[in-house]
Every structure is written in structure tokens, then in C-alpha cells.
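An overview of the molecular structure
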Amino acid sequence: MRGKCIMFQGTASSVGKSMLCTALCRIFKQDGLRVAPFKAQNMALNSYATKEGLEMGRAQVTQAEAAGLEPSVLMNPVLLKPTSDMGSQVIVNGRAIGNMTAMEYQRYKPELRDEIRSIYEQLEASVDVVVIEGAGSPAEINLREGDIVNMAMAETADAPVILIGDIDLGGVFASLLGTVMLLTPEERARVKGFVINKFRGDVEILKPGLSMLEDMTGIPVIGVVPWTDIDLEDEDSVTQRFRHVRGEGDIRTGIVRLPHISNFTDFQMLSMEPDVSVQYITRPDQVAQQDIVILPGSKSTIDDLMALKRSGMADALVRHARAGKMLMGVCGGYQMLAEHLSDPEHTESIMAEADGLGLLPMDVRFHAEKTTVQAEGMICSDAPWLSELNGARLSGYEIHTGENTFHDGARPWLRLVRRGDCTTDALDGIMNSRGNVLGTYLHGLFDDGRLWRAVVDRVRIQKGMTKASDAPKTIAEYRERAFDDLAAHVRGSLDMDMVYRILRGEV
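The following paragraphs examine the structure supplied in this document. Every chain is numbered on its own, with residues counted from 1 as its sequence reads. The predicted origin of the model limits local features to residues at a pLDDT of at least 70 and limits the giving and counting of side-chain atom pairs to 80 or more, whereas totals for whole chains, interfaces and linings rest on all residues. Note that the side-chain values use all heavy atoms of the structure and ignore hydrogens as well as water.

1. So, the pattern of salt bridges
The following threshold applies: We define a salt bridge as a contact between a side-chain nitrogen of Lys or Arg and a carboxyl oxygen of Asp or Glu at a distance within 4 Å. In DSSP terms, a helix is any run of H or I states spanning at least four residues, a strand is any run of E spanning at least two, and both are numbered starting from the N terminus. A 1.4 Å probe rolled over the protein chains alone gives each residue an accessible area, and that area as a share of the maximum for its type sets the label: buried under 20%, exposed over 50%, partly exposed in between.
Going through the model one piece at a time under the given rule, you end up with 26 salt bridges. Measuring nitrogen to oxygen at the nearest pair gives 2.6 Å for the salt bridge that ties Arg-460 to Asp-275. Taken together, the residues Arg-460 in helix α13 (residues 450-462) and Asp-275 in the loop between β14 (261-262) and β15 (276-281) connect sequence positions 185 residues apart. By relative accessible area, Arg-460 is classed as buried at 11%. Because the salt bridges share partners, they merge into one network encompassing Arg-26, Glu-480 and Asp-484.

2. Focus: the packing of aromatic side chains
Our working definition: Any two rings among Phe, Tyr and Trp, with Trp reduced to its six-membered ring, count as a pair given centres within 6.5 Å; such a pair is stacked if its planes are under 30 degrees apart, edge-to-face if over 60, and tilted if neither. Geometrically, a lysine NZ or arginine CZ counts as sitting over a ring once it is within 6 Å of the ring centre and also within 35 degrees of the ring normal.
A full pass over the atoms with the stated rule returns eight aromatic pairs. Note on Phe-28 and Tyr-500: the rings are 5.5 Å apart at their centroids and 70° apart in plane angle, and the pair reads as edge-to-face. In this pair, Phe-28 sits in helix α1 (residues 17-30) while Tyr-500 sits in helix α15 (residues 496-504), placing the two residues 472 residues apart along the sequence. A relative accessible area of 0% places Phe-28 in the buried class. Seen from their ring centres, Phe-446 and Trp-452 are 5.5 Å apart, and the 70° between their planes marks the pair as edge-to-face. Here the aromatic residues Phe-267, Phe-446 and Trp-452 are joined through ring pairs into a cluster of three or more. Positioned over the ring face of Trp-227 is Arg-200, at 3.8 Å from the centre of the ring.

3. Notes on the sheet that holds strand β21 (residues 362-365)
Note the threshold: Here a strand pair is declared whenever DSSP counts at least two bridges between the two strands. Axis lines are fitted to C-alpha atoms, over the contacting stretch for helices. Their N-to-C directions set the angle, which ranges from 0 to 180 degrees.
Spatial strand order, β20-β19-β21-β24: four strands in an open sheet with mixed pairing. Among the strands making up the open sheet, the edge pair consists of β20 (353-355) and β24 (403-406). Strand-to-strand twist across the sheet, computed as the mean angle between neighbouring axes with direction ignored, equals 15°. Taken together, the three bridges between strand β19 (residues 340-342) and β20 define a ladder with antiparallel strand orientation.

4. Let's talk about the packing of α1 against helix α14 (residues 475-491)
Condition: For classification, angles of less than 35 degrees are called roughly parallel, those exceeding 145 degrees roughly antiparallel, those between 65 and 115 degrees roughly perpendicular, and all remaining angles oblique. Whether two residues are in contact is decided by their heavy atoms: any pair within 4.5 Å suffices.
Running from N to C, α1 and α14 point in directions that differ by 95°, and their axes come no closer than 8 Å. Of the possible angle classes, the one that applies to α1 and α14 is roughly perpendicular. Taken together, the residues of α14 that come into contact with α1 (itself represented by Met-19, Leu-20, Thr-22, Ala-23, Leu-24, Arg-26, Ile-27 and Gln-30) are Glu-480, Phe-483, Asp-484, Leu-486, Ala-487, Val-490 and Arg-491.

5. What to know about helix α2 (residues 58-67)
With nine of 10 residues buried, α2 lies mostly within the body of the structure. Two residues or fewer after α2 comes Gly-68, characterised by a positive phi angle close to 80°.

6. Examining the nonpolar core
Definition in use: What makes a nonpolar core is a set of buried Ala, Val, Leu, Ile, Met, Phe, Trp, Tyr and Cys residues whose side-chain atoms join them at distances within 4.5 Å.
Core analysis: the biggest nonpolar cluster contains 163 residues, and Phe-28, Phe-38, Ile-132 and Phe-446 have the highest contact counts within it. Ignoring sequence-local partners within four residues, the contact set of Phe-446 consists of Asp-266, Phe-267, Met-269, Leu-270, Ile-294, Met-328, Leu-451 and Trp-452.

7. Considering the pairing of strand β25 (residues 411-419)
Strand direction decides the pairing type here: strand β22 (residues 371-379) and β25, joined by five bridges, are antiparallel. Looking at the pairing, Glu-376 lines up with Arg-418 of β25. Across seven bridges, β25 lies against strand β26 (residues 422-431) in antiparallel orientation. By the bridge assignment, Arg-418 is partnered in β26 with Thr-423. Once β25 ends, the chain turns through two residues before running back antiparallel as β26, passing Gly-420 with a positive phi of about 65°.

8. Some points on the side chain of Ser-493
Rules: Here a polar contact means two N or O atoms within 3.5 Å. Within protein one must be a hydrogen donor candidate and the other an acceptor candidate, and residues neighboring in sequence count only if both atoms are side-chain atoms.
In this fold, Ser-493 is placed in the loop between α14 and α15. When its relative accessible area of 15% is taken as the criterion, Ser-493 is described as buried. Looking at Ser-493, its side chain comes within polar contact range of the main-chain oxygen of His-489, at 2.8 Å.

9. Topic: the sheet that holds strand β10 (residues 161-166)
Either a parallel or an antiparallel arrangement is found when strands of a sheet pair, and the pairing is made through backbone hydrogen bonds. Sheet architecture is open: six strands sit in the order β2-β9-β1-β10-β11-β12, paired in parallel fashion. Each edge of the open sheet is held by one strand with a lone partner, namely β2 (35-38) and β12 (221-226). Averaged over neighbouring strand pairs, the angle between their axes works out to 20° when direction is ignored. Note that strand β1 (residues 5-10) and strand β9 (residues 129-133) share four bridges and pair parallel. Counted as the bridge partner of Cys-5 is Val-130 from β9. Of the strands in this sheet, β1, β9, β10, β11 (191-199) and β12 touch α15, which is tilted by about 115° from β1.

10. A closer look at empty space enclosed by the protein
Operational definition: Within this scheme a cavity is a closed region of a 1 Å grid, computed over the protein atoms alone, that accommodates a 1.4 Å probe without allowing it to escape, whereas a pocket is open but has protein on both sides within 12 Å along at least five of seven lines; lining residues each have an atom within 4 Å of a point. Grid points are joined across faces, edges and corners, and a volume is the space filled by probe spheres set on the points. Under the scheme applied, nonpolar residues are Ala, Val, Leu, Ile, Met, Phe, Trp, Tyr, Cys and Pro; charged residues are Asp, Glu, Lys and Arg; polar residues are all the others, including Gly.
Here the structure, examined in full by the defined rule, presents two cavities of 30 Å³ or more. Taken as a whole, the second largest cavity holds about 30 Å³ of empty space. Lining the second largest cavity, in full, are Arg-58, Glu-233, Thr-265, Asp-266, Tyr-397, Gly-444, Asp-447 and Arg-479. Among the residues making up the lining of the second largest cavity, the classes are represented as one nonpolar, two polar and five charged.

11. Let's talk about the layout of surface pockets
Considered as a void within the structure, the second largest pocket measures approximately 380 Å³ in volume. Lining the second largest pocket are 21 residues; nearest its centre among them are Tyr-48, Ser-395, Gly-396, Tyr-397 and Asp-447. It is strand β23 (residues 393-400) that contributes the most residues to the lining of the second largest pocket, five residues altogether. In terms of residue class, the lining of the second largest pocket is made up of eight nonpolar, five polar and eight charged.

Laid out in C-alpha cells, this is it:
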């Protein structure tokens, strides 16, 4: 082994690979190493636009932040954004190359190996160590031939592998042993340690099983990581976030869980306000219980809009808005607020057009060209509740197809002043005449806390309360603390001497 990389694979999806890779990125950084994350292929609808205007998965963005690096598509050369149960948009090196069915992509994958190798080698040459993340399980024997992200990637990078099992799911010993037994002898030789993740209880009860696992496989257990509630971004929609209310405040916020919800990472910080509670909602009766409702992004805007109409959610959202309650749309959710949407080239939908919710005076037309760019907006509102923030700038990014045509009566609240490296003065966000329905294409608009505080304060005043007095919280401050807390949690749970020995090729 070359001592330049270490790889984390899992017995299944959502066993904690992304979280442990994030922790190791911060730990190695704390230990004085220049470290970068890498995942050859990501499947997720949470994505990010780099400063070059290239698209990558947000999991590696989080890991890059933990490592103290600017996110780069070198860290995630292939991104799959599901468009249906059978197909995805395929993004290679930051650019969409088209939509493929699962079978089409399976046939196409081998063509990506040389490009992934080249990209990985560029990244590896720039740092001291690369923390590589696998996807799903390496034991999917029906997918081995076309593998580019698990053991094939380990071979490409000559990486030692640490295998993670999730004990909270049950059957952790069977899943670890079964995974190893389904590997080839060459693949099995790369597995240098086991980690049992999400443990609750007394580890002494677990020790006999750990000894038996080591005896049966000859592979050491290098750590048992206790369950933690440290709140970092989720890689994709396989998340507990959709199932639980976060926060304990009286200002109730509902985020509509769209069938093809994307970039729900925009809303991670909403529950940080002490007077706010946040939940993902799917039923019309839940809309009526909320003070604030947010329509998030979608990979299939018209299809998800039609799903809202079929479920009765669309009518509930219109009633919510007409009652004067806050309704915000971001990206695809913003487009749904329009009067009419058209997709003549079927960029996102099999439908060529559809009526929107009719809550904002604009039409949306989709086209094949995709916008992926970092951007900065400036608040420019005549609404009394928002006017105190006039001139404030919000940094974020755009990832969307479609352009808006604004009608008479469109009430601006956000103008773009920068897109990529270019200055501009383009209308982005509008609101309705009452100032309670508004939208924008700008992802990350809540990250510095000021806009969200203004939204919450408007609701507080409506409910006869005073404005909050504490300074708004920022996502950057929160994440830095969370990275350090996670690193301490994992460092105390793993045999870090063994991790470094594995990294150096001594095991």
C-alpha cells in the first residue's frame, strides 16, 4: 500500500459511510494532514454548484468543508440524479450528459473507469491522504462486473478498506460476515478492519460477538461507534430527517416532502432557532397546522406538481397562502407557485405543460440547457417585514432548468448581483401583493440566518409575539462545531493507531 488513501465501504446503504468519512476528514486535518474526500459515483438529488459552475454531490461538499478544502468535482466525478424509479440524469465531471435507464447506465459504466482513474490521480497528487467512500454494498454480486465505486475503486486506488456495519438495523454480525464471504479472495484481502456503527447500550455485552467475528474472518474490529445525534447534512433521501420533528418551538414549519425532493440540505438550519419546530409534511391536513410552509426543489417539477394536485396538497397550499400564512418556494418549489409551466422539449417531464398553483404572477418555461452557477443575491423589498434587510446579500448557488417570465404586478424581493465571476442585475425572486408568498432559485439562502430570522419574526408578530432578540445563527458556525464534535466522537471510538497503521500499509 502507498499510504495515500483509505477507503470506507459499508454492508448496505445508510450505514454511516458518509458520516465516518466526514469525521476522518476532520481528524486527519486536525492531525496536520492535507486530506481530501473522494466518491467515484454518488446517487443523490442533493447537489451543489462549484465555483467553476460544475455540479457535484453535497456529501463530498460536506466532507470537503470538514477537510478545510474548497469543494471540487475531482472529489465526485460521477453524480446520478434519479428522475424515476428506472432512470437517472447522469452527470460526469460536473456536466450533465443525458438521462439513462438503469440498464443503459449499467452498460455505460465501464467507459467511465479510465476517466475516474485520471480524476482520482489528480486529486491524490494534490493532498497527503484521500478518504474514499464506497456506495451501497460491495457484496452486490450481480453488479460486480460493472463496479466503479466499491472494490473496483479500491483496486484503482490501491486502497485498504474498512467495512462498516450498522447495528441499529439489526443483524450486524451476519451483514459483516456475509459481505466478506461474498467478496473474492483478492477483494477480501483488502478489508483491513471492521467498524460497528450506531451502537446503543453497554459495549461489554457486544464483546463476545466481536471476538467471534474476528476469529471467523481474521479481520479485527477497530471500533464500535456509539449512536450520535450530531446533525450534519444527509446525502440523499434515505434519511431519518423526514420522519421526525426537529426543534421544540411554537413556530411550526412544514417542508413539503415532494416525490422527487432535491436539495433539502437548504433547510438544515431552520430548526436552529429556539422558537421553531420543523417537519416534512405529506398530507393536506398537515398544511393547516403550519405557520410557515416551504416548497423545496424537485428534479421533476411538473410531475411533482401533479402529485400535489392528486393528493389534495395543492389545494391545501393555496388555502394556506390565501389565509395570509407564509409560503416560500425554492427552485422547483418556486416554479410550482407560477401561473403556468411549459416543458415543450420534455426536459423534466412527459407532460408538455401544466397550470401552476397560481400564487405568483409569472410563467415558467423549461429548456434543455441547465443552469449550474454560484450566485449572490441582494434583498430589495418594499414589504415592511423584509425592508430592514434591504441591501443585504445572500450567497448561494443555482441548479435548475427553466426561466421565468414575470407578469404585471410581480413584486421583487431578491435581485442577483453576481452569477459566477460576472456582475449582473437580474430579477430572481418575487412575492405576492400581500408579502406572504415568495420564491427564489437561490439555494443556500438561509445559511447566514438573517432571512430566516426575518421570516420567523414576521410570523411571531402575526401571532402577537415580539421579535427574537438573539443574533441570527449561521450554518457555517454550526457546521464547524459539528465537525469538531463528530471528530471527537469518532476519534474516541476508533483505534486510531490501527487506522494509521492501515493507512500506512502496515496491516
